[in-house]
Structures are given as structure tokens and as C-alpha cells.
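One letter stands for each residue in the lines below.
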Amino acid sequence: MSIQKVMVIGAGQMGSGIAQVCAQAGYDVIVNDVKQESLDKGLANITKNLNRNVEKGRMTEEEKEATVNRLTWTQAIEDASSVDIVIEAAVENMDIKKSIFKTLDQHAPAHAILATNTSSLPITEIAAVTSRPEKVIGMHFMNPVPVMKLVEIIRGLQTADEVYNSIEDMTKKLAKVPVEVNDFPGFVSNRVLMPMINEAIYTVYEGVATPEAVDEVMKLGMNHPMGPLTLADFIGLDTCLYIMETLHEGFGDDKYRPCPLLRKYVKAGWLGKKTGRGFYTYS
Ligand SMILES: CC(=O)CC(=O)SCCNC(=O)CCNC(=O)[C@H](O)C(C)(C)COP(=O)(O)OP(=O)(O)OC[C@H]1O[C@@H](n2cnc3c(N)ncnc32)[C@H](O)[C@@H]1OP(=O)(O)O
Ligand SMILES: NC(=O)C1=CN([C@@H]2O[C@H](COP(=O)(O)OP(=O)(O)OC[C@H]3O[C@@H](n4cnc5c(N)ncnc54)[C@H](OP(=O)(O)O)[C@@H]3O)[C@@H](O)[C@H]2O)C=CC1
């Protein structure tokens, strides 16, 4: 199937990054969010990234303009009626994702693929609320999207081979590397990454070390580009908590219990870099 027109749901840090790389690769992209303010922030984020590309000589001013012009911004999810694929990147909450997919199923053309950028939620369960489970798939980008090479592609129980192949082709057109995994909580990326982050939070909670010390150990000792607490702030502490809850519930194993300190920070509205406060403060 030939994909030309893309809709991205959610203009947050992931949605805006996905929209940017799709537009840069030549796709026409409609970006949808519930608030105009979020759409404005998404456009500002993309403009900043594209300006840096021009400054660094990776893109001409004309290519930047063409990329921006391939993007349209809307609060109307009904605009899915003109696209070949939707990539959903709204909040990591099953009820919200199910409601979005039900609505998309009503408005997107019959041939359209409905992909989700979920970090951990079961693709099969999201697919089940649509009348086209064979066209539902996980397309899991990594943060920051313009920089990270991986796209984890997750087949739901009923995902058709031709849909998988279209997503694999599109991933390569975005200059990213596809890796296929099956539909289990957290897939591979977050089943491995998030328990490490949660354990790092426990070391702070239990007074083993300060956030700075934990991050230094992992950066200098293990060559991680960011320490786990800086990374947690970067991902978003709400997203980290949702992922741990999905692992805990999905596997029924207490080794995945979210650290109480993570819960406390999320309850306080300390969601990390995006709200200016998490394990660290940001101006
Ligand atoms: C939760 C999930 O479901 C899955 C996930 O995504 S988990 C998170 C996965 N991501 C990671 O683990 C990221 C770990 N961190 C890193 O790899 C690096 O710290 C980093 C790439 C983010 C930054 O790299 P760095 O060398 O430390 O810093 P820096 O030199 O400032 O940045 C390198 C480049 O990335 C760009 N960059 C950094 N942050 C960026 C952002 N948020 N958006 C766009 N570009 C960004 C910089 O502009 C710079 O590009 P240039 O070539 O123009 O210089
Ligand atoms: N953060 C990360 O490192 C990664 C996250 N992901 C996944 O990507 C998704 C998005 O995460 P992220 O970008 O970090 O989150 P953000 O909070 O940055 O962005 C989410 C955006 O979606 C909007 N939104 C909420 N509900 C709806 C809706 N019904 N329709 C349209 N838009 C909606 C939010 O608006 P508002 O603010 O008004 O609620 C917000 O603008 C999640 O599923 C997450 O698990 C995947 C890989 C990495």
C-alpha cells in the first residue's frame, strides 16, 4: 500500500517529533491535538529543530520552508478522513487510546492503517475496539524522535503481514531502523529500560544515593548518555509511571511494582522536564 498522507494524534514531545520526521521525509502530515496551545507548542518545537538543521548546514532554508508547508494543524479528529495512516501519540492511557481508536475507525478511510506509538500498552486490546484489527499496529519511536534511530514495530494478534510490511517500508523512508517484536507488556524497549529507571528511583527513595550520584554512576560507570533519573525526567514521570503500572498489571509480578517516590512526584505534578520539575529543576 502506498502511504502519502499521515495524521499524527497528539502534538506533545513524541507527536511533534514524529510529525517532523514524516514531513522531512516528504509525507503530507496533519497534526491533531485537543488544545490549540499544544498545537502551537508542537509547531514551535519543530521550527526550533528545523532552524538548527539549517544553521548546521543539514538543510537549506527552502527545504525547511517546504517541510513546514507539508504540515497542517487541526483540533478536528474527523480530518482523518483524508489520510492513509494515523500514528497516535496521545497520552499513555488505555481508556483515552481506545476512545481515540474508536473515533478514528469511524472517520479514517477503509484502507487506512491505524498505528500507535504506545510505550507499553497491548496493541491487540487497542485493535479490538476497531472494525479493522488487521490494520492496527504498534509503531514505537524513541525520544528524541529526530535523533534516535530505532522504531520498534509491534504486531498485534491480528495485524496483517501487508500492514507490517508497509510500516517497515515507511520506517526506512524516515531513515530509521525497524525492529520487529511481539505484543507483550512494555514490548522489548520498556520491559528492559523501565525497571532499570524504577530501580534507580528506589535507590534515591531508600537513601542509597542522591539523584546526581545515581546518574553519575550510570553515566561514568556504564557509559549511558544520560543517567536514569535525567532520562526519567526527559521521558516524563507520568509516562514512566504508566509504563510501570502496565508491566505490573500485565505480568502480575511484584518485581515491576512502581516506586512510591515515583507515584508521589506524579501526584505532585512533578512530571519532569515538561513541567519544569522532576528529580531535577528546569528553567
Ligand atoms: C519511553 C519510551 O517509550 C521509549 C523511549 O524513548 S526511552 C528514551 C530513549 N532515549 C534515550 O535513551 C536518550 C538518551 N540520551 C541520548 O541519547 C543523548 O543524551 C541525546 C541524543 C538526547 C543528546 O545527546 P548529547 O550528545 O548528550 O547532547 P547534544 O550534543 O546536546 O545533542 C546531540 C544532538 O541531538 C540533538 N538533540 C538533543 N535533544 C534533542 C531534542 N529533544 N530534540 C531534537 N534534537 C535533539 C542536539 O541538537 C544535537 O544535534 P546536533 O547534531 O545539531 O548537535
Ligand atoms: N516520552 C517518551 O519518551 C516516549 C513516549 N512514548 C509514548 O508516546 C505517547 C505520547 O507521549 P509524550 O509525547 O511523551 O506525551 P506528552 O504529554 O508530551 O504529549 C501528549 C499530547 O497528547 C495530547 N492529548 C491527550 N489526549 C488527547 C486526545 N484525546 N487527542 C489528541 N491529543 C491528545 C496531550 O494534550 P494535553 O497536554 O492537553 O493532555 C499532549 O499534547 C504516549 O503513549 C507515550 O507512552 C513513546 C516513546 C517515548
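Relevant structure appears above.
Please read all numbers here as calculations on a predicted model, not as lab measurements. (Residues numbered from 1 in each chain as written. Chains lettered and ligands numbered in written order. Predicted model: local features only at pLDDT ≥ 70, side-chain atom pairs only at ≥ 80, totals over all residues. Heavy atoms only, no water.)

Draft legend 1. Expanded view of the pattern of salt bridges. Within the structure shown, the criterion is met by 11 salt bridges. Measuring nitrogen to oxygen at the nearest pair gives 2.7 Å for the salt bridge that ties D105 to R132. One end of the pair, D105, is in helix α4 (residues 94-107); the other, R132, is in the loop between α5 (123-127) and β6 (136-141), and 27 residues separate them in sequence. The pair formed by D105 and R132 is uniform in burial state, with each residue classed as buried. For the salt bridge of K135 with E134, the shortest nitrogen-to-oxygen distance reads 3.5 Å. Assessed through its relative accessible area of 30%, E134 is described here as partly exposed. It is possible to trace a salt-bridge network through shared partners that takes in E88, E92 and K97. (Salt bridge = Lys/Arg side-chain N within 4 Å of Asp/Glu carboxyl O. Helix = DSSP H or I, 4+ residues; strand = E, 2+ residues; numbered from the N terminus. Buried < 20%, exposed > 50% of the residue type's maximum accessible area, 1.4 Å probe, protein only.)

Draft legend 2. Region of the structure containing unusual backbone geometry. For the bond running from N143 to P144, omega is 0°, close enough to zero to count as cis. With respect to the helices and strands, P144 occurs in the loop between β6 and β7 (150-155). Not every positive phi belongs to a glycine, and A175 is a case in point at roughly 65°. Of note, F187 is a non-glycine position whose phi angle comes to about 55°, a positive value. Looking at the secondary structure, you find F187 in the loop between β8 (177-182) and α7 (189-205).

Draft legend 3. Seen up close, a positive patch on the surface. Taken together, the side chains of K48, R52, K56, R58 and K273 present a region of like positive charge at the surface. Looking at where K48 falls in the secondary structure, it is placed in helix α2 (residues 36-55). Overall, K48 belongs to the exposed group, its relative accessible area being 51%. (Patch = residues over 30% accessible without salt bridge, like charges linked within 9 Å, V, L, I, M, F, W, Y side chains within 5 Å. Areas by Shrake-Rupley, 256 points an atom, 1.4 Å probe, with all protein chains shown as cover. Lys, Arg positive; Asp, Glu negative; His and termini not counted. Charge placed at Lys NZ, Arg CZ, Asp CG, Glu CD.)

Draft legend 4. The pairing of β7, seen in detail. In terms of burial, β7 is a largely internal element, five of the six residues being buried. Here five bridges tie β6 to β7, and the two strands are oriented antiparallel to one another. Opposite M139, over in β7, you have I153 as the bridge partner. Note: β7 against β8, six bridges, orientation parallel. Residue pairing for β8: E152 is matched across the bridge by V179. Once the chain exits β7 it traverses helix α6 (residues 161-173) before rejoining the sheet at β8, and the crossover so formed is right-handed. (Pairing = 2+ DSSP bridges. Right-handed = clockwise from strand over helix to strand, strands pointing away.)

Draft legend 5. Just α4, in detail. Between its terminal C-alpha atoms α4 stretches 20 Å, which fits the 20 Å expected from 14 residues at 1.5 Å a residue. Restricting attention to buried positions, one finds in α4 the residues M94, K97, I100, F101, L104 and D105. Angular distribution of buried residues about the axis of α4 spans 135°; they occupy a single face of the element. In α4, the exposed positions angled more than 90 degrees off the buried face are occupied by D95 and Q106. (Expected span 1.5 Å × (residues − 1). Arc of directions from axis to C-beta.)

Draft legend 6. Just the site of ligand 2, in detail. Ligand 2 sits among 26 residues. The nearest are D33, E92, K97, S119 and I235. K35 places a side-chain nitrogen or oxygen 3.1 Å from an oxygen atom of ligand 2. In the environment of ligand 2, an oxygen atom lies 3.0 Å from a nitrogen or oxygen atom belonging to the side chain of N143. Protein burial of ligand 2: of its 890 Å² of free accessible surface, 83% is covered by the chains. Per element, the largest residue contribution to the shell around ligand 2 is three residues, and it comes from α4. Looking at the shell around ligand 2, its residues break down into 10 nonpolar, 11 polar and five charged. (Near = heavy atom within 4 Å. Polar contact = N/O pair within 3.5 Å; in protein donor to acceptor, adjacent residues only side chain to side chain. Nonpolar A, V, L, I, M, F, W, Y, C, P; charged D, E, K, R; others polar.)

Draft legend 7. Just the sheet that holds strand β1 (residues 5-9), in detail. Overall, mixed pairing links the eight strands, which are arranged β3-β2-β1-β4-β5-β6-β7-β8 in an open sheet. A single partner strand is all that each edge strand has here, and the edge strands are β3 (71-74) and β8. Between one strand axis and the next, the sheet turns by 25° as a mean value, whatever way the strands run. Sheet contacts for α2: β2 (28-32) and β3; angle to β3, the most-contacted strand, approximately 160°. (Axes fitted to C-alpha atoms, helices over the stretch in contact; angles between N-to-C directions. Contact = heavy atoms within 4.5 Å.)

Draft legend 8. Structural detail: the site of ligand 1. For ligand 1, the set of nearby residues contains 17 residues, the closest of which are R58, S119, H140, N143 and N190. One of the side-chain N or O atoms of R58 is found 2.8 Å from an oxygen atom in ligand 1. In isolation ligand 1 has 1,000 Å² of accessible area, and contact with the protein removes 64% of it. Residue assignment for the shell around ligand 1 shows that the elements contributing at least two residues are α2, α7 and α9 (228-235). When residues of the shell around ligand 1 are assigned to domains, at least three map to each of domain 1 (5-182) and domain 2 (189-273). (Domains from an automatic or database assignment.)

Worth remembering: the numbers are spatial, not functional.
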